[in-house]
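These are the residues of each chain, in order.
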Amino acid sequence: MKELFNPDVWLSLFTAASYAVFLRNLLFSGGLGASEVLRAAQRNSEILLTSLLVSLFSTAAAALSTAAARLLPPLYYVQRAGLYGGVLLALYLAVCGTIALLPQEIARHKPLLLKRMGMSALNTIVMGVPLLAHLTGESLPGAIGMGLGAGVAFLVVTMLINSGLHILQQNKAIPPMFTGVPAALIYTGLLALAFTGFTGQVLFQ
């Protein structure tokens, strides 16, 4: 309980979250969850729900995986990936079971929740957060912060792409052969280049 009032814990959490959003944006720098971002960006009504679910699963998966890995002897890469996948699958099944037990008053929302749950939980960004937390040597608070940061990064990227898609649809100066998916991919690539600038990586020499 005392750790909740420890400034180092909150600093570690905030630093890891900022790292996941800006310095190592998992979606733009790593391409994780790209297909889910593009899918969510086309549905205004599902952006917040999907982002919330991604944040929930990435945070819980990172925290549980980090805690479980500390209780086990050193693992090889394949073993660690299997551990992370098992933790995420167990978490997904547990949440699905909880949703199935919800009262009948909200039964009409169950199909949408279960549909978005599968897409939000079983994707590369959620799976990549525990691995990145391990590679960067994050503590448990850092792993939690990285999971929250992944959810924020997903929301920011989705809203940027959603806004860009609306602008592109209204732009009559785009040649017909570039309308639709080609223009969206070019726009997304330019956003990825902008976010890559935060990492300090040299792309062209």
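1. Description of the overall build of the chain
- When helices and strands are tallied, the chain shows 8 helices and 0 strands.
- Ordering the α and β elements of the chain from the N terminus gives α-α-α-α-α-α-α-α.
- Taken across its 205 residues, the chain has 39% of its residues classed as buried.
- Taking contacts inside the chain between residues at least 6 apart in sequence as the whole, the part at least 24 apart equals 77%.
- Surface accessibility of the chain: about 11,800 Å² in total, with carbon and sulfur atoms responsible for 71%.

2. Quick notes on helix α5 (residues 110-121)
- In this model α5 runs 16 Å from its N-terminal to its C-terminal C-alpha over 12 residues, within 8% of the 16 Å that 1.5 Å per residue would give.
- Within α5 the residues assigned to the buried category are K110, R116, M117, G118, S120 and A121.
- Packed against the buried residues of α5 are α2 (34-41), α3 (47-70), α4 (77-100) and α6 (124-135).

3. Examining the nonpolar core
- In terms of nonpolar packing, the biggest core is built from 31 residues, with F57, Y92, M117, V126, M146 and I161 touching the most fellow members.
- Broken down by secondary-structure element, the contributors of at least two residues to this core are α1 (7-23), α2, α3, α4, α5, α6, α7 (140-170) and α8 (181-199).
- A per-element tally of this core places α7 first, with 7 residues.
- Apart from the residues within four sequence positions on either side, M117 is in contact with L53, F57, Y92, V95, C96, I99 and L122.

4. Overview of the packing of α3 against α7
- Between α3 and α7, whose axes approach to 8 Å, the crossing angle comes to 160°. One way to sum up the angle between α3 and α7 is to call them roughly antiparallel. Our pair here, α3 against α7, has a crossing hand that is right-handed. Contacts from I47, L48, T50, S51, V54, S55, S58, T59, A62, A63, T66 and R70 in α3 reach L140, A143, I144, G147, L148, A150, G151, F154, L155, T158, M159 and N162 in α7.
- Looking at the contact of α3 with α7 residue by residue, the class counts come to 13 nonpolar, 10 polar and 1 charged.

5. Considerations on the environment of I174
- Tracing the sequence through the fold places I174 in the loop between α7 and α8.
- Under the relative-accessibility criterion, I174 is labelled buried at 18%.
- Sequence-distant contacts of I174, that is, excluding residues within four places in its chain, are made with L168, T179 and A183.

6. Focus on the environment of A40
- Along the chain, the position of A40 falls in helix α2.
- Distance in space between the C-alpha atoms of A40 and S120 is 9.9 Å, their sequence separation being 80 residues.
- Residue contacts for A40: discarding those within four places in its chain leaves I47, T50, R116, F154 and T158.

7. As for the packing of α3 against α6
- Viewed as axis vectors pointing N to C, α3 and α6 meet at an angle of 30°, and their least axial separation amounts to 8 Å. With respect to α6, the element α3 is oriented roughly parallel. Read as a crossing pair, α3 and α6 show a hand that is right-handed. Of the residues in α6, those in contact with V54, F57, S58, A61, A62 and S65 of α3 are I125, V126, V129 and P130.
- Across the contact of α3 with α6, the residue classes tally to 8 nonpolar, 2 polar and no charged.

8. A look at the confidence of the model for the chain
- On average, residues of the chain score 80 in pLDDT, and 84% of them reach the 70 mark or higher.
- Mean pLDDT in the chain bottoms out at α8, which sits at 76, and peaks at α3, which reaches 88.

9. What about the side chain of S55?
- Mapped onto the fold, S55 is located in helix α3.
- If we skip the residues at most four places from it in the chain, S55 touches G147, L148 and G151.

10. What about the environment of G145?
- Its place among the elements puts G145 in helix α7.
- Taking relative accessible area as the criterion, G145 reaches 0% and is therefore assigned buried.
- C-alpha of G145 to C-alpha of S58: the two residues are 87 residues apart in sequence and 9.9 Å apart in space.
- Not counting chain neighbours up to four residues away, the residues in contact with G145 comprise L13, A16 and A17.

Thresholds, definitions, all that
Residues numbered from 1 in each chain as written. Predicted model: local features only at pLDDT ≥ 70, side-chain atom pairs only at ≥ 80, totals over all residues. Heavy atoms only, no water. Helix = DSSP H or I, 4+ residues; strand = E, 2+ residues; numbered from the N terminus. Buried < 20%, exposed > 50% of the residue type's maximum accessible area, 1.4 Å probe, protein only. Contact = heavy atoms within 4.5 Å. Areas by Shrake-Rupley, 256 points an atom, 1.4 Å probe, with all protein chains shown as cover. Expected span 1.5 Å × (residues − 1). Core = buried A, V, L, I, M, F, W, Y, C linked by side-chain atoms within 4.5 Å. Axes fitted to C-alpha atoms, helices over the stretch in contact; angles between N-to-C directions. Parallel < 35°, antiparallel > 145°, perpendicular 65-115°, else oblique. Left-handed = near helix turned anticlockwise from the far one by under 90°. Nonpolar A, V, L, I, M, F, W, Y, C, P; charged D, E, K, R; others polar. pLDDT = per-residue confidence, 0-100.

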